[in-house]
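Reading the structure
Below are the chains, spelled out letter by letter.
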Amino acid sequence: PALAQPTMRAVIAATAAAGIGALLYLRRRYGSNFLSELLPKSLIPTSNPRLVVLFSGKRKSGKDYITDRLLEMLGPKRAAIGRLSGPLKKAYADEHGLDYAQLLSDGPYKEQYRADMIVWGERRRNEDPGFFARLVVKEANTPILIISDARRKTDMDFFTKRFRTLTVRVSASTATREGRGFKFTKGVDDAESECGLDQYRHDRTLDNDGDARALQEALETLAADICLRAGLGPATPRYVLVTGGNKGIGFAICEKILKEHPDCTVLLGARDEARGRAAVDAPSAGDR
């Protein structure tokens, strides 16, 4: 009897430690919504969207490029891109008499209004944090909804509390972003719209720092994971075999396919392995 109480405490402590360890493992393996991964498929939502994939990242990190590539892999019948900035820019354009199409572009027209639009958008969000998110969800008609521009914790909270989600952070070095035209702008790059999710714990991180081959592999893995979480069959990768692809017309065909169809993986065929490898590593072939 004298030993019973300490022994019981030890058992309880060991059980608690094991439970915490299991929860941490599942959190790392499946992300913040790991409990939903353990549900049978019969309990996966059948109404759209079944899964919301939330992307965030710094300006010029390549969020739009990444999500466009992902959409090509998943296909328009399975997925659609929703931009929280879309309804924001539409409402801002209507209220200020501006060109909505130009505000959606990535050119100088949008940049001259960016700072004021951020202030205006913050005011609207403070009044109703879910205002713009509800407008995007209302238009969703595919099993997978890709949010390409999550910027604030309130954005994450809106979706994670209502849907099965996967959160993805797109990363790129400052030098890479500067090479894409990034230049620090006070009032923009130090605002919540750019910094609000810097410390947020995302389920995945996607490196978009210039290694095209690694990015393609990461996107293929991500697409397969997304389909699994949404209760769909695997995304079908596209492979193209080009015989005699190490020189001349064959090599030009390889480059053209990669340029115009970034969702494809090109298999370069050559009679000689050394020449084939040399073609793949040629500067004109880029990182692909």
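Not measured: the values here are computed from a predicted model.

1. Side note on the packing of helix α3 (residues 63-74) against helix α11 (residues 212-229)
Taken N-terminus to C-terminus, the directions of α3 and α11 make an angle of 60°; their axes are 10 Å apart at the nearest point. It follows that α3 is oblique to α11 by the angle criterion. Crossing angle aside, the handedness with which α3 passes α11 is right-handed. Seen from α3, the contacting residues are Tyr65, Ile66, Arg69, Leu70, Met73 and Leu74; seen from α11, they are Leu215, Gln216, Leu219, Glu220, Leu222, Ala223, Ile226 and Cys227. Classifying every residue of the contact of α3 with α11 gives 11 nonpolar, 1 polar and 2 charged.

2. A closer look at the confidence of the model for the chain
Of the residues in the chain, 82% have a pLDDT of 70 or more, and the chain-wide mean is 83. Between residues 39-43, whose pLDDT stays under 50, and residues either more than four places distant or in other chains, the model counts 0 contacts.

3. A word on unusual backbone geometry
A negative phi holds for most residues other than glycine; trans holds for most peptide bonds. Although it is not a glycine, lysine 60 sits at a positive phi angle of roughly 70°. As for its position among the elements, lysine 60 is in the loop between β1 (51-57) and α3.

4. Structural notes on the environment of threonine 174
With respect to the helices and strands, the residue threonine 174 is situated in helix α9 (residues 174-179). A relative accessible area of 41% means that threonine 174 is categorised as partly exposed. As a C-alpha pair, threonine 174 and lysine 58 span 116 residues in sequence and 9.4 Å in three-dimensional space.

5. Comments concerning the packing of aromatic side chains
Evaluated as defined, the whole model comprises 6 aromatic pairs. With centroids separated by 5.5 Å and ring planes inclined at 70°, the aromatic side chains of tyrosine 92 and tryptophan 120 adopt a geometry described as edge-to-face. Of this pair, tyrosine 92 sits in helix α4 (residues 85-96) while tryptophan 120 sits in helix α6 (residues 108-127), and the two are 28 residues apart along the sequence. A cation over an aromatic ring shows up here: lysine 90 above the ring of tyrosine 100, its NZ or CZ 5.9 Å from the ring centre.

6. Brief notes about the pattern of salt bridges
Per the stated rule, a full pass over the model turns up 18 salt bridges. The salt bridge involving aspartate 198 is made with lysine 58; its shortest N-O contact spans 2.9 Å. One end of the pair, aspartate 198, is in the loop between α10 (192-195) and β5 (204-207); the other, lysine 58, is in the loop between β1 and α3, with 140 residues separating them in the sequence. We classify aspartate 198 as partly exposed; its relative accessible area is 31%. Given a relative accessible area of 21%, lysine 58 falls into the partly exposed group. One salt bridge in this structure joins arginine 229 and aspartate 225, with 3.2 Å as the shortest N-O distance. Here arginine 229 and its partner aspartate 225 are both found in helix α11, 4 residues apart, which amounts to about one turn of the helix. The same class applies to arginine 229 as to aspartate 225, namely buried. What you see here is one network of salt bridges that share partners, running through Arg59, Glu111, Arg114 and Asp189.

7. What to know about the sheet that holds β1
One open sheet holds the 5 strands; their spatial order is β2-β3-β1-β4-β5, and the pairing between them is parallel. The open sheet has two edge strands with one neighbour each: β2 (79-82) and β5. Strand-to-strand twist of the sheet, defined as the mean angle between neighbouring strand axes without regard to direction, takes the value 25°.

8. Brief notes about helix α8 (residues 153-160)
The α-helix advances 3.6 residues per turn, and as a result positions three or four apart in sequence lie on the same side. Among the residues making up α8, those that are buried are Asp155, Met156, Phe158 and Phe159. For α8, the angular spread of buried residues about the axis comes to 160°, placing them on one side.

9. Comments concerning the nonpolar core
If you look at the biggest cluster of nonpolar residues, it comprises 22 residues, and the most contacted ones within it are Val53, Phe55, Leu70, Leu74, Ile144, Leu222 and Ile226. Those elements that provide at least two residues to this core are β1, α3, β3 (144-147), β4 (164-171) and α11. If you look at the next biggest cluster of nonpolar residues, it comprises 14 residues, including Leu84, Val136, Val137 and Met156.

Calculation criteria
Residues numbered from 1 in each chain as written. Predicted model: local features only at pLDDT ≥ 70, side-chain atom pairs only at ≥ 80, totals over all residues. Heavy atoms only, no water. Axes fitted to C-alpha atoms, helices over the stretch in contact; angles between N-to-C directions. Helix = DSSP H or I, 4+ residues; strand = E, 2+ residues; numbered from the N terminus. Parallel < 35°, antiparallel > 145°, perpendicular 65-115°, else oblique. Left-handed = near helix turned anticlockwise from the far one by under 90°. Contact = heavy atoms within 4.5 Å. Nonpolar A, V, L, I, M, F, W, Y, C, P; charged D, E, K, R; others polar. pLDDT = per-residue confidence, 0-100. Buried < 20%, exposed > 50% of the residue type's maximum accessible area, 1.4 Å probe, protein only. Phe/Tyr/Trp six-rings, centres within 6.5 Å; stacked < 30°, edge-to-face > 60°. Lys NZ or Arg CZ within 6 Å of the ring centre and 35° of its normal. Salt bridge = Lys/Arg side-chain N within 4 Å of Asp/Glu carboxyl O. Pairing = 2+ DSSP bridges. Arc of directions from axis to C-beta. Core = buried A, V, L, I, M, F, W, Y, C linked by side-chain atoms within 4.5 Å.

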